[in-house]
Amino acid sequence: MNVDLQKNSLAACYGVLAAFGTEYGNFYFRSNCLNRFVGLGWFNKNYATEVQYDFLSKTTGINGQPLFARFGTDHKLSDKSSLNTRFNFG
């Protein structure tokens, strides 16, 4: 939570609900409460994915809807180098 003392108002408020260490990986729900922007995600050691939705429709994403998706990977290769990928949709 972030409070603007000069304007005497709430500047930002975030929430997270998480389930870590399940046999299927780690899950979370996150939100920017004031902007009504939410994300539902999953990750494990090498992969991460998230679906996001803008309830106020301030931004357009997939097919002109306020829906977004992200996917990423992180792999350690045998020669001590890394292979990272990231895809953003919307």
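Here the structure is a predicted model, which means the values were calculated and not measured. (Residues numbered from 1 in each chain as written. Predicted model: local features only at pLDDT ≥ 70, side-chain atom pairs only at ≥ 80, totals over all residues. Heavy atoms only, no water.)

Moving on: the pairing of strand 8 (residues 82-89). Consecutive side chains along a regular strand alternate between the two faces of the sheet. Here eight bridges tie strand 7 (residues 67-76) to strand 8, and the two strands are oriented antiparallel to one another. The partner of Ala 69 across the bridge, within strand 8, is Phe 89. Between strand 7 and the antiparallel strand that follows it, strand 8, lie five residues; Lys 80 among them carries a positive phi value of about 70°. (Pairing = 2+ DSSP bridges. Helix = DSSP H or I, 4+ residues; strand = E, 2+ residues; numbered from the N terminus.)

A few words on the packing of aromatic side chains. One pass over the full model with this rule turns up six aromatic pairs. With a centroid separation of 5.7 Å and an interplanar angle of 70°, the aromatic rings of Phe 20 and Phe 43 are classed as edge-to-face. Of the two residues, Phe 20 sits in strand 3 (residues 14-22) while Phe 43 sits in strand 5 (residues 37-43), which places them 23 residues apart along the sequence. By relative accessible area, which is 57% here, Phe 20 ends up exposed. A ring pair is formed by Tyr 28 and Phe 43, whose centres lie 6.2 Å apart and whose planes are at 50°; its orientation type is tilted. With Tyr 28 in strand 4 (residues 25-32) and Phe 43 in strand 5, this pair connects stretches of sequence that are 15 residues apart. These aromatic residues form a ring-pair network of at least three members: Phe 20, Tyr 28 and Phe 43. (Phe/Tyr/Trp six-rings, centres within 6.5 Å; stacked < 30°, edge-to-face > 60°. Buried < 20%, exposed > 50% of the residue type's maximum accessible area, 1.4 Å probe, protein only.)

This part takes up the pattern of salt bridges. If you walk through the whole model with that rule in mind, you get three salt bridges. Residues Glu 50 and Arg 70 are paired through a salt bridge, measuring 2.7 Å at the closest nitrogen-oxygen approach. With Glu 50 in strand 6 (residues 47-54) and Arg 70 in strand 7, this pair connects stretches of sequence that are 20 residues apart. Overall, the relative accessible area of 37% leaves Arg 70 in the partly exposed class. What emerges from the salt-bridge pattern is a single network uniting Arg 30, Glu 50 and Arg 70. (Salt bridge = Lys/Arg side-chain N within 4 Å of Asp/Glu carboxyl O.)

Before going further, it helps to spend a moment on the pairing of strand 6. Across seven bridges, strand 5 lies against strand 6 in antiparallel orientation. Note on strand 6: the bridge partner recorded for Trp 42 is Thr 49. As consecutive antiparallel partners, strand 5 and strand 6 are separated by three residues. Of the strand pairs in this sheet, strand 6 and strand 7 are connected by seven bridges, and their pairing is antiparallel. Across the sheet, residue Gln 52 finds its bridge partner in strand 7, namely Phe 68.

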